Amino acid sequence: MTIEEANIREEVLLICGCDVTRCMKCGKCSASCPAYDEFDIKPHQFASYIARGDMYELMQSKTIWNCLGCFACVERCPRDVRPGKLIDGVRQAAVRRRGGTHLQPEDIPSRIDPDTPQQLLMSVLRRERK
Amino acid sequence: MQRIGVFVCHCGSNIAATVDVAAVAEAAKSQPGVVFATDYTYMCSENGQNLIADSIKEYGLTAVVVCSCSPRMHEATFRKVADKAGLNPYMVEIANIREQCSWVHKDTEIGTPKAISLMKTAVAKVNLNTPLQEGESKVTKRALIIGGGIAGIQTALDIADAGYKVDIVEKTPSIGGRMSQLDKTFPTLDCSSCILTPKMTEVAQHENITLYTYSEVESVSGYVGDFTVEIRRKARYVHEDICTGCGLCMTKCPSKKAKNEFNRGLNTRTAIYTPFAQAIPNVPVIDTEACIHFRTGKCGICAKNCAVQAIDYEQKDEIITEKYGAIVVATGFDLIDLKPFGEYAYNLSPDVVSSLELERILNAAGPTSGHLQRMSDHRQPKEMVFIQCVGSRCEDDRRGKPYCSKICCMYTAKQAMLIKDHYPDVNIHVFYIDVRTPGKAFDEFYRRAVEDYGVDYIKGQVGKVTPQADGTLLVHGVDMLDQKVVEINADMVVLAAAVEPNPDIRKLATMLTLSIDNNNFLNEAHPKLRPVEAATAGVFMSGVVQGPRDIPETVAQAGAAAIKVVGLLAKDKLKTNPCVAQSDELYCNGCSVCQNVCPYGAISYTEKEVRDHGVRDTRRIAQVNPALCKGCGACSVACPSGAMNLKGFSNRQIMAEVDTVLCQ
């Protein structure tokens with residue numbers, strides 16, 4: 001883990017407020033995930049990746065862009081680790097490092113694909129409202 | 001003025017590493033009343049004890065201060081030394097310079113002054129100590145067991161075999177408990193009731209055992225050796241002494257729709273019933289909520305058919321009062337409520353069952369006569385899924401428990417093998433987080449399920465169980481080792497639900513002043529060295545009421561509790577603690593505050609004639625029953641006029657300690 005990765009990890013843990021050491025690797029998050037097959041790094045792996053500090057790998061993963069934010073994993077996690085929040089935190093950290101990609105509310109309507117599920121829009125609003 | 005000796009212990013390096021013990025002994029020499037002070041490596045060793053005893057004689061000591069470990073550790077040791085050397089044992093004070101000083105500080109700069117300060121307070125207190133005499137109390141040679149499961153049965157048998165009288169109070173109509181509901185037991189696959197019923201019969205026939213089934217403990221008073229317990233014998237509406245147990249009433253009863261608790265609600269029973277065929281006593285009870293006679297005043301078919309007129313609709317609850325020397329709590333466990341686990345569809349489908357329900361389904365005396373079938377359409381399942389850790393190891397306290405329930409891994413392997421044995425064509429999948437099998441022949445047992453019976457173990461918790469239109473259950477999970485989604489169309493899903501202590505324990509703990517942990521398990525007096533004793537003297541524990549455990553462990557613990565009870569009942573007299581409260585009748589203003597705060601009911605008020613400065617006066621004053629007082633000190637703190645004093649911890653002694661700390 002590089003110093004930069006350690007900093008990112010601290011930032012991610014601040015954003016999500018989760019305790020990754022509580023994870024007991026039961027896999028209920030992955031089993032609850034509707035987008036499991038779209039993920040390269042699976043929800044249950046996030047806690048150990050963050051504990052190890054492999055932050056670059058997480059930030060380059062497909063997972064953080066494919067997570068629907070349905071929060072089924074957050075709801076069902078028996079250890080209160082809330083993997084959905086972890087994924088969310090890593091995504092936030094990645095976005096902050098890109099710069100200039102902030103989406104303005106007025107830009108949203110023109111960008112919406114008519115096939116976009118409503119749940120996705122709702123969860124985007126829910127997780128971006130910070 | 002006392003002649004005080006101060007003895008400072010090194011405890012090897014435990015104290016000496018962070019406290020300059022010689023400096024403490026030196027400082028003690030200038031304290032008021034101190035005539036001798038020294039330090040030694042191990043004060044609790046035989047040499048250390050001799051040092052104290054010899055000094056008492058040589059210097060004519062009237063009081064002793066030992067600066068060492070916690071009084072919980074060695075106060076009794078040093079009191080015995082004083083007693084042998086001819087000094088009243090209550091003239092010994094301990095200054096705790098280990099747990100409260102050397103262990104919590106890292107260097108001598110802080111440790112030494114604090115140890116000196118602790119020594120000074122102990123010297124100040126011991127200056128005001130007075131010799132106290134231990135009293136004696138009698139021992140009632142009878143034990144009470146609360147709970148008639150395997151834990152209670154085994155404890156009762158062991159005590160009764162040692163020659164003491166035992167009463168068992170059981171809430172339900174029959175003894176037997178959870179074990180009577182099980183089909184087979186792991187890892188030997190003995191038939192559960194085949195090994196339990198002989199013990200139940202032995203209990204019923206033992207001359208030293210009295211059974212109070214369908215009864216509950218109403219109140220407890222008294223203390224170790226002399227408890228007084230009120231037991232409510234709930235009305236059975238059937239006379240136990242007349243009923244022959246022929247069972248005709250049960251066959252004739254027209255009300256057949258009451259939920260069968262023994263079969264976990266999987267089928268129904270009649271309003272007049274015994275929980276199961278081998279019930280002890282074999283005397284039915286009437287469930288008044290289901291009985292037509294109690295609801296409408298009509299029917300009465302059971303009474304008409306009873307050849308010996310044992311049925312009595314007018315029977316009332318009866319309270320009996322009995323004295324006991326010791327009490328064993330063995331109230332056992334139940335499974336947690338599975339309704340909050342919506343993702344497992346327990347509420348939505350009758351084919352999602354708890355492990356204890358499956359146990360009843362597999363049992364020949366169960367709702368399906370032992371045939372494995374779905375509760376919805378009575379079809380034999382082909383695909384079965386077991387989900388482990390449902391509610392166990394769960395930090396969400398609204399629905400789960402943080403601990404491992406310990407028995408689930410083994411009984412799941414057992415159930416899987418029993419099913420595979422009878423129905424080799426059934427496919428069984430077990431979703432697990434960890435398989436925990438510590439115990440004799442336990443891991444071999446689990447491996448047998450995998451290797452010999454082909455049970456499919458999948459690492460990963462199930463995410464969701466969805467009932468399908470065709471009656472199957474879609475189980476969605478992930479194999480964490482293959483990183484692949486697993487979807488199974490199961491016919492039946494079994495949830496290994498967490499165990500929890502019987503909820504009645506909260507009420508009992510209040511009655512017996514027992515301490516319980518966050519999960520309602522009883523706390524032991526010491527988790528390692530006094531594992532079957534409660535902190536309240538004379539109360540013991542046995543079985544799952546203390547923590548999750550299996551049958552052999554429960555039986556072993558039952559024996560341990562029994563020997564502790566026998567050890568207590570074998571004594572004719574018990575020494576009582578002389579550090580009890582005392583009321584000064586001249587100071588007492590009769591306000592009753594002490595009576596209200598006393599948790600043990602040890603204080604009463606009487607009208608008494610007193611002489612105050614030569615004036616005769618009749619006053620209402622507090623009196624302490626030293627047999628009931630536990631010396632907690634609540635009254636002495638609450639008393640507004642300073643009339644209440646705790647012997648050995650008087651207000652003057654406490655204030656002397658405080659003054660010493662503040663005036664340095």
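So, here is what we can say about the structure in this document. (Residues numbered from 1 in each chain as written. Chains lettered and ligands numbered in written order. Predicted model: local features only at pLDDT ≥ 70, side-chain atom pairs only at ≥ 80, totals over all residues. Heavy atoms only, no water.)

**Details of the overall build of chain A**
If you tally the helices and strands in chain A, you get 9 helices and 0 strands. Across chain A, helices and strands are ordered from the amino to the carboxyl terminus as α-α-α-α-α-α-α-α-α. Relative to the globule expectation of 14 Å for 130 residues, the C-alpha radius of gyration of chain A, 15 Å, shows essentially globular dimensions. Counting only C-alpha atoms, chain A reaches 40 × 35 × 25 Å along its principal axes. Buried positions account for 47% of the 130 residues belonging to chain A. Of all intrachain contacts in chain A linking residues separated by at least 6 positions in sequence, the fraction that spans at least 24 positions is 72%. Approximately 7200 Å² of chain A is accessible, and the part contributed by carbon and sulfur atoms is 51%. (Helix = DSSP H or I, 4+ residues; strand = E, 2+ residues; numbered from the N terminus. Rg over C-alpha atoms; globule rule 2.2 N^0.38 Å. Buried < 20%, exposed > 50% of the residue type's maximum accessible area, 1.4 Å probe, protein only. Contact = heavy atoms within 4.5 Å. Areas by Shrake-Rupley, 256 points an atom, 1.4 Å probe, with all protein chains shown as cover.)

**A look at unusual backbone geometry**
Here the bond from Phe186(B) into Pro187(B) is cis, since omega is -10°, no more than 30 degrees from zero. Counting through the fold element by element, Pro187(B) comes out in the loop between strand 8 (184-185) and strand 9 (190-191). One non-glycine residue, Phe71(A), adopts positive backbone phi at about 65°. Along the chain, the position of Phe71(A) falls in the loop between helix 5 (63-66) and helix 6 (72-76). A positive phi angle, near 65°, is found at Cys299(B), a position not held by glycine.

**Digging into the state of the cysteines**
Counted under the stated rule, the structure contains 1 disulfide over all chains. Between the sulfur atoms of Cys191(B) and its disulfide partner Cys194(B) the distance amounts to 2.4 Å. Linking Cys191(B) and Cys194(B), the disulfide has an S-S dihedral of approximately 80° and is accordingly described as right-handed. In this structure Cys191(B) comes out as partly exposed when scored by relative accessible area, which is 23%. Free cysteine: Cys26(A), not disulfide-bonded; nearest cysteine sulfur from Cys29(A) at 6.3 Å. (Disulfide = S-S within 2.5 Å.)

**Thoughts on the sheet that holds strand 7 (residues 165-169) of chain B**
Residue and element names in this part refer to chain B. Taken together, the 5 strands give an open sheet; going across it, the order is 10-7-6-18-29, and neighbouring strands pair in parallel fashion. Taken across any chain shown, the strands that pair with only one partner, and hence form the sheet edges, are strand 10 (209-212) and strand 29 (539-541). Pairs of neighbouring strands in the sheet enclose a mean axial angle of 20°, with direction left out of account. Its contacts with the sheet put helix 14 (residues 505-512) on strand 6 (142-146), strand 18 (326-329) and strand 29, and the angle it makes with strand 18 is roughly 160°. Taken strand by strand, helix 15 (residues 551-569) contacts strand 6, strand 18 and strand 29, and its axis lies near 165° from that of strand 29. (Pairing = 2+ DSSP bridges. Axes fitted to C-alpha atoms, helices over the stretch in contact; angles between N-to-C directions.)

**Details of the interface of chain A and chain B**
Counting from both sides, the interface comprises 18 residues of chain A and, opposite them, 22 residues of chain B. For the pair chain A and chain B, the summed buried surface comes to about 1600 Å²; carbon and sulfur atoms form 51% of the total. Contact with chain B buries area across many residues of chain A, yet Lys28(A), Ala31(A) and Arg76(A) alone supply 31% of it, more than any other trio. Between the two partners, chain A and chain B, sit 3 salt bridges. (Buried area = accessible area lost by both parts, 1.4 Å probe. Salt bridge = Lys/Arg side-chain N within 4 Å of Asp/Glu carboxyl O.)

**Digging into helix 14 of chain B**
Residue and element names in this part refer to chain B. Among the residues of helix 14, those classed as buried are Ile505, Leu508, Ala509 and Leu512. Axial view of helix 14: buried residues confined to an arc of 105°, hence all on one face. Of the surrounding secondary structure, the elements contacted by the buried residues of helix 14 are strand 6, strand 11 (215-223), strand 18, strand 28 (499-501) and strand 29. (Arc of directions from axis to C-beta.)

**Describing the pairing of strand 6 of chain B**
Residues and elements named next belong to chain B. Buried residues dominate strand 6, accounting for 5 of its 5 residues. Here strand 6 shows no split at all, with Arg142, Leu144 and Ile146 on one side and Ala143 and Ile145 on the other all buried. Sheet analysis places strand 6 next to strand 7, joined by 5 bridges and oriented parallel. From the neighbouring strand, alanine 143 faces strand 7, where its bridge partner is valine 166. For the crossover from strand 6 across helix 6 (residues 150-161) to strand 7, the handedness is right-handed. (Right-handed = clockwise from strand over helix to strand, strands pointing away.)

**A few points about the pattern of salt bridges**
Overall, the coordinates contain 48 salt bridges over all chains when judged by the stated rule. Its salt-bridge partner being Arg97(A), residue Glu4(A) comes within 3.6 Å of it at the nearest N-O pair. One end of the pair, Glu4(A), is in helix 1 (residues 3-16); the other, Arg97(A), is in helix 7 (residues 83-98), and 93 residues separate them in sequence. By relative accessible area, which is 35% here, Glu4(A) ends up partly exposed. Across the salt bridge formed by Lys323(B) and Asp226(B), the nearest N and O atoms sit 3.4 Å from each other. Pair noted here: Lys323(B) is in strand 17 (residues 318-324) and Asp226(B) is in strand 12 (residues 226-233), with a separation of 97 residues, a long-range link.

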